[in-house]
Amino acid sequence: MRSLITDVAGLRVGNATDLALASGVTVVLFDEPTVASVDVRGGGPGTRETDLLAPDETVGAIHALTLSGGSAFGLDAAGGVAAALAERGIGFPVGDARVPIVPGAVLFDLINGGDKNWGRFPPYRDLGYAAANAAGLDFPLGTVGAGTGATTVDVKGGLGSASMVAATGHTVGALVAVNACGATNFPGGPHFWAAPFEQEGEFGGLGLPHPLPPLPARPALKGLPPGANTTIAVVATDAVLTKAQCKRLAVMAHDGYAHAIWPVHTPLDGDTIFAAATGKRPLEDPIFDLALIGDAVVRTLARACARAVFEATTLPQPGALPAWKDRFGR
């Protein structure tokens, strides 16, 4: 296994990165129309086509998911992904027309030192198109794609991914762009909140600090206005799930944020998680199997959040927030 979301059969990931812009786009492409849902817990989200992911809506499957920087401007990225899919004849059939279904979410990275003087039209549609055409099974982590301009309260954020096999035998994976108002590491130190879930030293192998330090009464926050942060993610499994079951999976997945980021789901964040099921392996028990898959998703997303920060590199802009490795000398 790659320890990437692409270990889940039936999907690929593509990135488009612009270091001068200090922003980018990440795309999940599905090999076939795929059942998905979404859950939003942050107070300042930016999303596209999330209403159709409700269990009672008509469209039953999607073709791609988009994670993007750029705040509201980044919503254009999904249009570029849709254009790339339309060129291939992929889309929801409406008579002779084919409409690609591409929900997405954005994070705020507009004041991170990158050159945002893009003129009349922002570049995110073109970045989305490029990311879709770059999709494959292997992809880098850290300061790439939607994680390019991401930050946390004290170190650079980034793009992270992880995977594992659940107790049911189903494969699960997570892909996340961490741009949190809070922190993924203990106050003032290198240890990650997600340390209990780490596998094979994937984010430094430091474990938890010993002894555990007392936590301050007031956690450190970025202090930016509402919606100026946001952690956005896709979790996936090869299980056969309904939209309602994907919704429950997305709800459970937010515990992965809670295990990896402190504080989380604040009014200053737009925390959003999409859950997708590629339908390769049926459930034996629709309730208990889903519970076990959800547990695996929580663990996997927590790891992905820590990997996003661990793999990040400092942006080449003056005064850029240091990467975890630069700050802690590791």
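Our structure is the block above this text.
One structure accompanies this document, and this report is about it. Worth saying up front: this structure is predicted, and the values here are computed from it rather than measured. (Residues numbered from 1 in each chain as written. Predicted model: local features only at pLDDT ≥ 70, side-chain atom pairs only at ≥ 80, totals over all residues. Heavy atoms only, no water.)

Focus: the side chain of H63
Positionally, H63 belongs in strand β4 (residues 62–68). Owing to a relative accessible area of 6%, H63 belongs among the buried residues under this scheme. Those residues in contact with H63 that sit more than four places away from it in its chain are V28, L29, F30, P33, L85, I90, G91, F92, V99, P100 and I101. (Helix = DSSP H or I, 4+ residues; strand = E, 2+ residues; numbered from the N terminus. Buried < 20%, exposed > 50% of the residue type's maximum accessible area, 1.4 Å probe, protein only. Contact = heavy atoms within 4.5 Å.)

Remarks on the packing of helix α1 (residues 77–87) against helix α2 (residues 124–133)
Contact geometry for α1 and α2: axes closest at 6 Å, N-to-C directions at 45 degrees. Taken together, the axes of α1 and α2 lie oblique to each other. Crossing handedness for the pair α1 and α2: right-handed. Across the interface between the two elements, A77, G79, G80, V81, A83, A84 and E87 of α1 pack against Y124, R125, G128, Y129, A132 and N133 of α2. (Axes fitted to C-alpha atoms, helices over the stretch in contact; angles between N-to-C directions. Parallel < 35°, antiparallel > 145°, perpendicular 65-115°, else oblique. Left-handed = near helix turned anticlockwise from the far one by under 90°.)

Here we look at the pairing of strand β10 (residues 232–239)
For a regular strand, side chains alternate in direction, first toward one face of the sheet and then toward the other. Most of β10 is tucked away: eight of the eight residues are buried. Across the two faces of β10 the burial is the same, with I232, V234, A236 and D238 and A233, V235, T237 and A239 all buried. Of the pairings in the sheet, the one linking strand β9 (residues 171–178) to β10 comprises six bridges and is antiparallel in character. Bridging across to β10, L175 finds its partner in V234. Pairing of β10 with strand β11 (residues 272–281) involves seven bridges; the strand directions are parallel. Along β11, the bridge assignment pairs T237 with A277. In this fold, the crossover linking β10 to β11 by way of helix α3 (residues 243–260) has right-handed handedness. (Pairing = 2+ DSSP bridges. Right-handed = clockwise from strand over helix to strand, strands pointing away.)

Thoughts on unusual backbone geometry
In this chain, H210 is followed by P211 through a cis amide linkage whose omega measures -5 degrees. Inspection of the secondary structure assignment puts P211 in the loop between β9 and β10. Omega for the bond connecting W262 with P263 falls within 30 degrees of zero, at -15 degrees, which places this linkage in the cis form. The backbone of A22 sits at a positive phi, close to 60 degrees, despite the residue not being glycine. The topology assignment puts A22 in the loop between β1 (11–18) and β2 (23–40). Phi is positive for H265, close to 60 degrees, though the residue is something other than glycine. If you trace the backbone, H265 turns up in the loop between α3 and β11.

Some thoughts on the pairing of strand β8 (residues 158–165)
For β8, a buried count of seven out of eight residues is recorded, marking the element as mostly surrounded by other parts of the structure. As judged from the eight bridges shared by β8 and β9, these two strands associate in the antiparallel manner. Note on β9: the bridge partner recorded for G158 is V178. Linking β8 back to β9 in an antiparallel pair, the connection comprises five residues, with G169 at a positive phi of about 95 degrees.

Examining α3
The terminal C-alpha atoms of α3, which comprises 18 residues, lie 26 Å apart, in line with the 26 Å expected from a rise of 1.5 Å per residue. For α3, the complete set of buried residues consists of K243, Q245, C246, L249, A250, V251, A253, H254, G256, Y257 and A260. The secondary structure elements touched by the buried residues of α3 are β2, β9, β10, β11 and α4 (288–310). (Expected span 1.5 Å × (residues − 1).)

Some words on the pattern of salt bridges
Applying the stated criterion across every chain, the model contains nine salt bridges. With its nearest N and O atoms 3.5 Å apart, the salt bridge here joins R2 to D7. Judged by relative accessible area, D7 falls into the buried class, the value being 16%. The network of salt bridges with common partners includes R2, D7 and D138. (Salt bridge = Lys/Arg side-chain N within 4 Å of Asp/Glu carboxyl O.)

Regarding a nonpolar patch on the surface
Side chains of F92, V94 and V99 sit close together on the surface and give an oily, nonpolar patch of about 220 Å² of accessible area. Here F92 shows up in strand β5 (residues 92–94). Classification of F92 by relative accessible area gives partly exposed; the value is 31%. (Patch = residues over 30% accessible without salt bridge, like charges linked within 9 Å, V, L, I, M, F, W, Y side chains within 5 Å. Areas by Shrake-Rupley, 256 points an atom, 1.4 Å probe, with all protein chains shown as cover.)

Regarding the environment of V144
Summarising the element assignment, V144 is placed in the loop between α2 and β8. Placed 37 residues apart in sequence, V144 and L107 show a C-alpha to C-alpha distance of 14 Å. When residues no more than four places from it in sequence are discounted, the contact partners of V144 are N15, T17 and L159.

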